[in-house]
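Structural overview for review
One-letter residues, chain by chain:
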Amino acid sequence: MSNFHLIRKQSSSAREAVYKSLKTNIVLLHLKPGQVITEQQIAETLSVSRTPVREAFIKLAHEGLLETYPQKGTMVSLIDMERVEEARFMRRILEKEILRLACQQFPEELVFELRSNLALQEICLEEKNFLRLFELDEDFHRIIYRGCNKERIWNLVSQISADFKRIRVLKLSSSINVKEVVKQHQEILSAILKQETSRIDNLVEEHLHTRDSELKSLYKLYPEYFKTGVIKNPKSFF
């Protein structure tokens with residue numbers, strides 16, 4: 001777990017820091033689907049007591065990111081395509097309305113943040129730093145929600161989107177249509193600046209869609225990451 005690290009903000013408790021650290025490392029696949037972990041192991045890695053780790057395990061199990069089995073212990077949950085589709089469905093509905101709001105009025109200072117974000121995305125493309133690109137992708141959308149005074153909605157959506165995010169991390173780290181993702185972000189910003197609300201539906205559908213061929217490629221590359229049989233019929237999900 002060389003990439004596993006504690007994420008702690010100045011105001012966060014040990015419990016919250018451990019929870020955020022575990023969740024982030026699960027989403028970024030530093031803790032891989034199916035990987036067995038123990039409270040003692042995580043406590044030692046993060047240099048904390050087992051109490052906040054135990055509490056974080058319970059919370060993550062409730063969210064479906066950790067599973068406990070008799071004799072096997074606790075493991076990172078496999079990617080569940082039904083949960084992926086639930087998150088994608090919610091993002092599709094909300095994102096269209098958020099972008100329509102953004103087209104009506106968007107703070108100039110946040111336009112600068114979006115442009116800066118896109119410039120960094122281009123650098124990540126050149127350097128093939130796909131995990132950092134994923135983080136910038138997340139920040140890009142968070143900034144848009146914030147610009148529409150809807151950041152709390154983004155936070156709520158993020159809570160149930162871990163499996164959807166893991167799919168996106170897999171796509172980026174596998175170099176599947178990475179350039180398209182950045183281009184789509186550029187088109188989204190262009191639509192906001194030009195107030196082109198007529199383009200929103202198509203932009204969102206294109207951006208949040210995962211093609212059957214892409215999904216099959218991911219399954220072929222990482223079959224051990226998915227729940228058994230979840231993509232026998234990809235069209236049932238996308």
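With that settled, the discussion passes to the packing of aromatic side chains. This model, assessed by the stated rule, comprises 3 aromatic pairs. Ring centres of Tyr-219 and Phe-226 lie 5.7 Å apart, and the angle between their planes is 65 degrees; this geometry places the pair in the edge-to-face category. Between the NZ or CZ atom of Lys-59 and the centre of the ring of Tyr-19, over which it lies, the distance is 4.1 Å. Residue placement shows Arg-168 over the ring face of Phe-164; its charged tip is 5.8 Å from the ring centre.

Bringing the packing of helix α4 (residues 81-104) against helix α9 (residues 178-194) into the picture now. Contact geometry for α4 and α9: axes closest at 6 Å, N-to-C directions at 45 degrees. Here α4 lies oblique to α9, going by the angle between them. Where α4 abuts α9, its residues Leu-99, Ala-102 and Cys-103 lie against Ile-188, Ala-191 and Ile-192. Residue composition of the contact of α4 with α9, by class: 6 nonpolar, no polar and no charged.

Here we take up the nonpolar core. By size, the foremost hydrophobic cluster in this structure holds 68 residues, and its most contacted members are Phe-106 and Ile-144. Among the elements that line this core, the one with the most residues is helix α6 (residues 130-147), at 8 residues. Apart from residues no more than four positions distant in its own chain, Ile-144 is found in contact with Ile-98, Leu-99, Ala-102, Phe-106, Leu-114, Ile-188 and Ile-192.

The next subject is the pairing of strand β2 (residues 66-69). Looking along a regular strand, one sees the side chains alternate between the two faces of the sheet. Inspection of the sheet shows β2 paired to strand β3 (residues 73-76) by 4 bridges, in the antiparallel sense. Directly across from Glu-67, in β3, lies its bridge partner Met-75. Counting the residues in the hairpin turn of β2 and β3 gives 3 residues, including Gln-71, whose phi is positive at 70 degrees.

Pairing analysis gives 2 bridges linking strand β1 (residues 36-37) to β3, with the strands arranged antiparallel. In the sheet register, Val-36 faces β3, and the bridge partner there is Met-75.

Next up on the list: the sheet that holds β2. Pairing within the open sheet is antiparallel, and its 3 strands lie in the order β1-β3-β2. The sheet is open, and its two edges are formed by β1 and β2, each paired on a single side.

For the rest of this paragraph, the subject is the packing of α4 against α6. Where α4 meets α6, the closest approach of the two axes is 9 Å, and the angle between their N-to-C directions is 55 degrees. By the angle between their axes, α4 is oblique relative to α6. Considering how the two elements wind past one another, α4 and α6 form a crossing that is left-handed. Residue-level inspection shows Arg-91, Leu-94, Glu-95, Ile-98, Leu-99 and Ala-102 of α4 in contact with α6, the latter providing His-141, Ile-144 and Tyr-145. A class-by-class count of the residues in the contact of α4 with α6 yields 6 nonpolar, 1 polar and 2 charged.

Applying the stated rule across the entire model yields 25 salt bridges. Notably, a salt bridge pairs Arg-88 with Glu-85, separated by 3.0 Å at the nearest N-O pair. Linking Arg-88 with Glu-85, this pair stays in helix α4, spanning 3 residues, or about one helical turn. Judged by relative accessible area, Arg-88 falls into the buried class, the value being 7%. As a salt-bridge pair, Glu-205 and Arg-92 come within 2.9 Å of each other at their nearest N and O atoms. Taken as a pair, Glu-205 in helix α10 (residues 200-208) and Arg-92 in helix α4 lie far apart in primary sequence, 113 residues in all. With a relative accessible area of 25%, Glu-205 lands in the partly exposed category. Residue Arg-92 is classed as buried on the basis of its relative accessible area of 18%.

Reading the values: the criteria
Residues numbered from 1 in each chain as written. Predicted model: local features only at pLDDT ≥ 70, side-chain atom pairs only at ≥ 80, totals over all residues. Heavy atoms only, no water. Phe/Tyr/Trp six-rings, centres within 6.5 Å; stacked < 30°, edge-to-face > 60°. Lys NZ or Arg CZ within 6 Å of the ring centre and 35° of its normal. Axes fitted to C-alpha atoms, helices over the stretch in contact; angles between N-to-C directions. Helix = DSSP H or I, 4+ residues; strand = E, 2+ residues; numbered from the N terminus. Parallel < 35°, antiparallel > 145°, perpendicular 65-115°, else oblique. Contact = heavy atoms within 4.5 Å. Nonpolar A, V, L, I, M, F, W, Y, C, P; charged D, E, K, R; others polar. Core = buried A, V, L, I, M, F, W, Y, C linked by side-chain atoms within 4.5 Å. Buried < 20%, exposed > 50% of the residue type's maximum accessible area, 1.4 Å probe, protein only. Pairing = 2+ DSSP bridges. Left-handed = near helix turned anticlockwise from the far one by under 90°. Salt bridge = Lys/Arg side-chain N within 4 Å of Asp/Glu carboxyl O.

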